[in-house]
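# A closer look at the structure
The primary structure of each chain is shown beneath.
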2 protein chains.
Amino acid sequence: MTLTNISQVKVFGGWHKQYTHSSTSVNSQMRFAIFLPPNATTNNPVPVLYWLSGLTCSDENFMQKAGAFKVAAELGIAIVAADTSPRGDDVADDVSYDLGQGAGFYVNATQAPWATHYQMYDYIVDELPNLIEQHFPVSQVKSISGHSMGGHGALTIGLKNPSRYQSISAFSPISNPMVCPWGQRAFRAYLGNDKDAWKHYDACELLKSAQSTLPILVDQGDGDSFLTEQLKPENLIAAAHLHQSPLEMRMQSGYDHSYFFISSFIEAHLHFHHQHLFKM
Amino acid sequence: MTLTNISQVKVFGGWHKQYTHSSTSVNSQMRFAIFLPPNATTNNPVPVLYWLSGLTCSDENFMQKAGAFKVAAELGIAIVAADTSPRGDDVADDVSYDLGQGAGFYVNATQAPWATHYQMYDYIVDELPNLIEQHFPVSQVKSISGHSMGGHGALTIGLKNPSRYQSISAFSPISNPMVCPWGQRAFRAYLGNDKDAWKHYDACELLKSAQSTLPILVDQGDGDSFLTEQLKPENLIAAAHLHQSPLEMRMQSGYDHSYFFISSFIEAHLHFHHQHLFKM
């Protein structure tokens, strides 16, 4: 598989690079970004934190705004930021910000017109890590994190693949998409009307169905304007409690839904993942 | 003078806020952003670092991308990010990115059609600090920094007002605008053809004319694509050397002109300014 490098910039002694490639899973051109810490070499492959962004974002928002590289460089962790959907003129879209391009919800769509390209679950779980491990000085040891729609993505992908990830974290995740407007609209479009199909992509349903042993850290601002209607962290706490799945939910007083919030706590998430990425 | 608050977001325990106001110096509506560290109160006014951005930027680029708030919060320094020019439908503009709106060069224009609004020197030196000191829990102790065109602004404004600022720093400044294409184009438009008028806004000319005692720190990437044609750090070194003005110029191997570069070294600049802001 060919990667085309479209940017490379030195940062904190490491490198931020962007690539495009033809994706077989989503059947379109995709772009991603990778941060490589200064100690990443073929002789010293480093673990990877995968970052999944929220609605309307691309690979760039986290990399430009989160302020993650200083500590990632110190800890020797690579970061990969994926795009939030397939893109392009031939890819189905919607005029609203919460469906279609920029709003893939990290599921494999089964419904027309979405199913042709919106196979973001397969892209994130299989294709992207395979590409990263083939082309960069990284190990197969990985964790996953994300924000909002990407927090939902990190929780569901981590919970469904406990052998692939060491730890999960999320900022302001859509915790229970089956019962919030963003999730219901996306799941109806991508997955159809059968709610049993939705349960495979709902973090609360996954935690209710069986115990998870993967460590999970969630930060949630209590000044977040989406808190009550869309995010529902209390449902995630209740679902984790049911089978004693490990979840640390930290309510952060006065913080909102923005990257200013993420930047304030990203270093704590990197230290959390570091504990689990390097314990083997 | 009335300030209109248009955003406020908690970050690192402090606050990022944006305001608009009617400016008497540039005769248009202006916007700025302020970061207030958690310890800033009426009983504990904190010093301020003024940040001047580069071509095409607004008050937002530094605040979203520099990663400055963690250390500014720890050190108790407020940061004010100004806009780079007056804005609006009635403000003269040019189709190119390096003249007109977004490209004020921090001078007082004397030539039509620019002179009506492009009085950015007065705005940054007098009006904005007066507003800030009137409306926020800050002291009159301040330093100044900036990037590229804003590095030129920080150097010239600091050098021309040594009693107002404790220290100056810059990233990739336009060091000698009189002899580079960006500077010549802007100065010809804003100041006319008389090069004696240009000298008042050229850091190298200011350092050549007399000794400066203000401490200056400059970081410059040697992988910066504007280095040779536009930035000319060697001219700044030579001009500072002439009268032994204190200048630390750090060439940073492999870094470019982006905010990734700024983010890599902003903490060092904050520690440098902290030394001088708190020594009184």
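Residues numbered from 1 in each chain as written. Chains lettered and ligands numbered in written order. Predicted model: local features only at pLDDT ≥ 70, side-chain atom pairs only at ≥ 80, totals over all residues. Heavy atoms only, no water.

With an unreviewed UniProt entry as reference, chain A is termed S-formylglutathione hydrolase, source organism Parashewanella spongiae. Here chain A is described in UniProt, under the heading Sequence similarities (unreviewed entry), as follows: "Belongs to the esterase D family." Regarding chain A, the relevant UniProt record gives this comment under Function (unreviewed entry): "Serine hydrolase involved in the detoxification of formaldehyde." (UniProt positions renumbered as here; feature names shortened; annotations may be inferred.)

### Quick word on the sheet that holds strand S1 (residues 4-11) of chain A
Strands in a sheet are paired, the pairing made by backbone hydrogen bonds, and the direction either parallel or antiparallel. Residues and elements named next belong to chain A. Taken in spatial order, the nine strands line up as S1-S2-S3-S5-S4-S6-S7-S8-S9 in an open sheet, and their pairing is mixed. Edge positions in the sheet fall to S1 and strand S9 (247-252), since each has one partner strand and no second. Across the sheet, the mean angle separating the axes of adjacent strands is 20° when strand polarity is ignored. Looking at chain direction, strand S2 (residues 14-23) and strand S3 (residues 28-36) are connected through nine bridges and run antiparallel. In the strand pairing of S3, Ser23 is matched with Ser28. Of the strands in this sheet, S2, S3, strand S4 (46-52), strand S5 (78-82) and strand S6 (138-147) touch helix H3 (residues 120-135), which is tilted by about 145° from S6. Where helix H9 (residues 233-242) meets the sheet, its contacts fall on strand S8 (216-221) and S9, and the angle it forms with S9 comes to roughly 155°. (Pairing = 2+ DSSP bridges. Helix = DSSP H or I, 4+ residues; strand = E, 2+ residues; numbered from the N terminus. Axes fitted to C-alpha atoms, helices over the stretch in contact; angles between N-to-C directions. Contact = heavy atoms within 4.5 Å.)

### Structural notes on the layout of surface pockets
What the largest pocket holds in volume is close to 650 Å³. As for the largest pocket, its lining consists of 40 residues, and the residues nearest its centre are Lys65, Ala66, Tyr259, Phe260 and Ser263 of chain A. Ranked by the residues each element gives to the lining of the largest pocket, the list is headed by helix H10 (residues 259-277) of chain A, at five residues. Looking at the lining of the largest pocket residue by residue, the classes come out as 20 nonpolar, 13 polar and seven charged. Considering only enclosed or pocket space, the second largest pocket measures out at about 420 Å³ in volume. Along its surface, the second largest pocket is lined by 21 residues, and Lys65, His147, His257, Ser258 and Tyr259 of chain B are the ones closest to its centre. The residue inventory of the lining of the second largest pocket, partitioned by class, reads eight nonpolar, eleven polar and two charged. (1 Å grid on protein atoms, 1.4 Å probe; cavity = no way out; pocket = protein on both sides within 12 Å on 5 of 7 lines; lining within 4 Å. Points joined across faces, edges and corners; volume = space filled by probe spheres on them. Nonpolar A, V, L, I, M, F, W, Y, C, P; charged D, E, K, R; others polar.)

### A closer look at the UniProt feature "active site" (unreviewed entry) in chain A
Residues and elements named next belong to chain A. Mapped onto this structure's residue numbering, the UniProt feature "active site" (unreviewed entry) falls at Ser148, Asp224 and His257. What stands out for the annotated residues spanning 110 residues is how close their C-alpha atoms remain, the widest pair being 10.9 Å apart. Taking the annotated residues in turn, Ser148 and His257 line the largest pocket. Apart from the residues lying within four places of it in its own chain, the contact partners of Ser148 are Gly54, Phe171, Ser172, Pro173, Ile174, Trp182 and His257. Position of His257 among the secondary structure elements: in the loop between S9 and H10. The residues contacting His257, other than those within four sequence positions of it, are His147, Ser148, Ser172, Asp224, Phe226 and Leu231.

### A closer look at the relation of the copies chain B and chain A
If you rotate chain B by 180° and push it 0.0 Å along the axis, it lands on chain A with an RMSD of 0.0 Å. Such values leave the two copies arranged in the relation of a two-fold axis. A high fraction, 100%, of the interface residues of chain B reappear at the interface in chain A, so the copies pair face to face through one surface. (Least-squares fit on C-alpha atoms with pLDDT ≥ 70 in both.)

### Description of the interface of chain B and chain A
Tallying the contact residues gives 20 residues for chain B and 20 residues for chain A. Carbon and sulfur atoms make up 58% of the surface buried where chain B meets chain A, a total of about 1,800 Å² over both sides. At the junction of chain B and chain A, the tally comes to two salt bridges. We note a salt bridge from Glu267 of chain A to Lys70 of chain B, for which the minimum N-O separation is 2.8 Å. Breaking the side of chain B that touches chain A down by element, the ones donating at least two residues are strand S1 (4-11), helix H1 (60-65), helix H2 (69-75) and helix H10 (259-277) of chain B. When residues of the side of chain B that touches chain A are assigned to their parent elements, the largest contribution, four residues, is made by H10 of chain B. For the side of chain B that touches chain A, the class distribution of residues is seven nonpolar, eight polar and five charged. (Buried area = accessible area lost by both parts, 1.4 Å probe. Salt bridge = Lys/Arg side-chain N within 4 Å of Asp/Glu carboxyl O.)

### Topic: the pattern of salt bridges
Scanning the entire structure with this criterion turns up 22 salt bridges over all chains. Notably, a salt bridge pairs Lys208 of chain A with Glu205 of chain A, separated by 3.3 Å at the nearest N-O pair. Placement of both Lys208 of chain A and Glu205 of chain A in helix H7 (residues 203-209) is noted, with a separation of three residues, approximately one turn of the helix. A salt bridge links Arg250 of chain B to Asp219 of chain B, with the nearest nitrogen and oxygen atoms 2.7 Å apart. Of this pair, Arg250 of chain B sits in strand S9 (residues 247-252) while Asp219 of chain B sits in strand S8 (residues 216-221), placing them 31 residues apart in sequence. Among the residues examined, Arg250 of chain B registers a relative accessible area of 24% and is labelled partly exposed. Judged by its relative accessible area of 0%, Asp219 of chain B falls in the buried class. Overlapping salt bridges, with partners in common, bring together Arg31, Asp59 and Glu60 of chain A in one network. (Buried < 20%, exposed > 50% of the residue type's maximum accessible area, 1.4 Å probe, protein only.)

### Some words on the confidence of the model for chain A
Per-residue confidence for chain A averages 97 on the pLDDT scale, and 100% of its residues sit at or above 70. Interface confidence for the predicted complex, expressed as ipTM, amounts to 0.95; the pTM equals 0.96. (pLDDT = per-residue confidence, 0-100.)

### Focus: the pairing of S8 of chain A
All names here are of chain A. Among the six residues in S8, six count as buried, and that is most of the element. Neither face of S8 is open: one carries Ile216, Val218 and Gln220, the other Leu217, Asp219 and Gly221, and all of them are buried. Bridge count for strand S7 (residues 168-171) against S8 is four bridges, and the pairing is parallel. Paired with Ala170 across the bridge in S8 is Val218. Taken together, the six bridges between S8 and S9 define a ladder with parallel strand orientation. Residue pairing for S9: Asp219 is matched across the bridge by Arg250.

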